[in-house]
Amino acid sequence: MTKQQLREKGAICFDKITDGLRKYADVKLVMDEKKALTHFKSLRKEYGVEHAFADFYYFRLDFDAREMVNELLSPEEISYLELISPLPGDEEEEIIFPLDEKLLKIIVRLNASEMLFSTIYFTASDRCERMRTTWWGNYGKEYICFKDR
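Every value quoted in this text rests on a predicted model; they were computed, and no experiment measured them.

Reading guide: rules and limits
- Residues numbered from 1 in each chain as written.
- Predicted model: local features only at pLDDT ≥ 70, side-chain atom pairs only at ≥ 80, totals over all residues.
- Heavy atoms only, no water.
- Helix = DSSP H or I, 4+ residues; strand = E, 2+ residues; numbered from the N terminus.
- Rg over C-alpha atoms; globule rule 2.2 N^0.38 Å.
- Buried < 20%, exposed > 50% of the residue type's maximum accessible area, 1.4 Å probe, protein only.
- Contact = heavy atoms within 4.5 Å.
- Areas by Shrake-Rupley, 256 points an atom, 1.4 Å probe, with all protein chains shown as cover.
- Lys, Arg positive; Asp, Glu negative; His and termini not counted.
- Charge placed at Lys NZ, Arg CZ, Asp CG, Glu CD.
- Phe/Tyr/Trp six-rings, centres within 6.5 Å; stacked < 30°, edge-to-face > 60°.
- Pairing = 2+ DSSP bridges.
- Core = buried A, V, L, I, M, F, W, Y, C linked by side-chain atoms within 4.5 Å.
- Axes fitted to C-alpha atoms, helices over the stretch in contact; angles between N-to-C directions.
- Left-handed = near helix turned anticlockwise from the far one by under 90°.
- Nonpolar A, V, L, I, M, F, W, Y, C, P; charged D, E, K, R; others polar.

Peer 1: I'm lost on the overall build of the chain in this one. Help?
Peer 2: A count of helical and extended segments in the chain gives 6 helices and 6 strands. The secondary structure elements of the chain, listed N-terminal to C-terminal, are α-α-β-α-β-α-α-β-α-β-β-β. Computed over C-alpha atoms, the radius of gyration of the chain comes to 15 Å, within 12% of the 15 Å expected from 2.2 N^0.38 for 149 residues, which places it in the range of a compact globule. Taken over the C-alpha atoms alone, the chain extends approximately 40 × 30 × 30 Å along its principal axes. In the chain, which comprises 149 residues, the share counted as buried stands at 44%. A separation threshold of at least 6 residues defines the contact pool for the chain, and within that pool the share at least 24 residues apart is 70%. Just so you have it, the chain exposes about 8300 Å², and 51% of that area is on carbon and sulfur atoms. Averaging the locations of the 23 positively and 28 negatively charged side chains of the chain gives two centres separated by 7 Å.

So this is what it looks like as structure tokens:
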């Protein structure tokens, strides 16, 4: 999925953090890998799996950077990433993925290690009273949550 397709699904989506800070309410949470995994699994269940997405730039990394990331992953996780890999030539556009449990585990580990940051998106859902939110992974195990004012 592209960022444009994510916007069409109603996600809070912006390219510069300063834009997010200017346009949306924000709150910062510090969560280690375990807390982040529990938190986002809970939100994914609450919003519904069809309303949970993540950007994941792993496939845009050059060979050396990807090898460094792979050192933090299990062989099973690397195999999983090979399965979800965009088609050759689509790596520049196809960076948004449904947030399944396998990808979530990888994302929170890489965010916690500060090796590769990802953003997690929850779009509005009839089954959830919460408003849409976007969570930027950041340094110091910090996540910045953006939501409508």
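Peer 1: When you look at the packing of aromatic side chains in this model, what are you seeing that I'm missing?
Peer 2: Inspection of every chain in the model, using the stated rule, returns 13 aromatic pairs. Between Phe59 and Phe97 the ring centres are 5.8 Å apart and the planes differ by 45°, which places this aromatic pair in the tilted class. Of this pair, Phe59 sits in the loop between strand E2 (52–55) and helix H4 (63–70) while Phe97 sits in strand E3 (residues 96–98), and the two are 38 residues apart along the sequence. Summarising the burial analysis for this pair, Phe59 and Phe97 share the class buried. Joined through ring pairs, the aromatic side chains of Phe14, Tyr24, Trp136 and Phe146 make up one cluster.

Peer 1: Help me out: how do you make sense of the pairing of strand E6 (residues 142–147) in this one?
Peer 2: The side chains of a regular strand alternate between both faces of the sheet. By the criterion of burial, E6 is predominantly enclosed, with 5 of the 6 residues buried. In terms of strand pairing, strand E1 (residues 25–30) meets E6 through 6 bridges, oriented antiparallel. The residue of E6 that forms the bridge with Asp26 is Phe146. Pairing of strand E5 (residues 133–137) with E6 involves 5 bridges; the strand directions are antiparallel.

Peer 1: Explain the nonpolar core here, please?
Peer 2: Nonpolar side chains tend to gather and get buried jointly when the protein is soluble and globular. Ranked by size, the top nonpolar core spans 30 residues in total, and within it Phe40, Phe56, Leu81, Leu99, Ile120, Phe122 and Trp135 carry the most contacts. At the level of elements, helix H3 (33–47), E2, helix H5 (75–84), helix H6 (101–113), strand E4 (119–122) and E6 are the ones that each hand at least two residues to this core. The leading source of residues in this core is H6, at 6 residues. Excluding anything up to four places from it in sequence, Ile120 contacts Phe40, Phe53, Ala54, Leu99, Leu104, Ile107, Thr133, Thr134 and Trp135. In terms of nonpolar packing, the next biggest core, distinct from the first, is built from 7 residues, Leu6, Ala11, Ile96 and Tyr121 among them.

Peer 1: Sorry if this is basic, but what is going on with the packing of H5 against H6 here?
Peer 2: Axes are the key here: two packed helices are described by the angle between their axes and the distance separating the axes. Interaxial distance between H5 and H6 falls to 11 Å at its minimum, and their mutual angle equals 115°. Considering how the two elements wind past one another, H5 and H6 form a crossing that is left-handed. Seen from H5, the contacting residues are Glu77, Tyr80, Leu81 and Ile84; seen from H6, they are Lys102, Leu103, Ile106 and Arg109. A per-class count over the contact of H5 with H6 returns 5 nonpolar, no polar and 3 charged.

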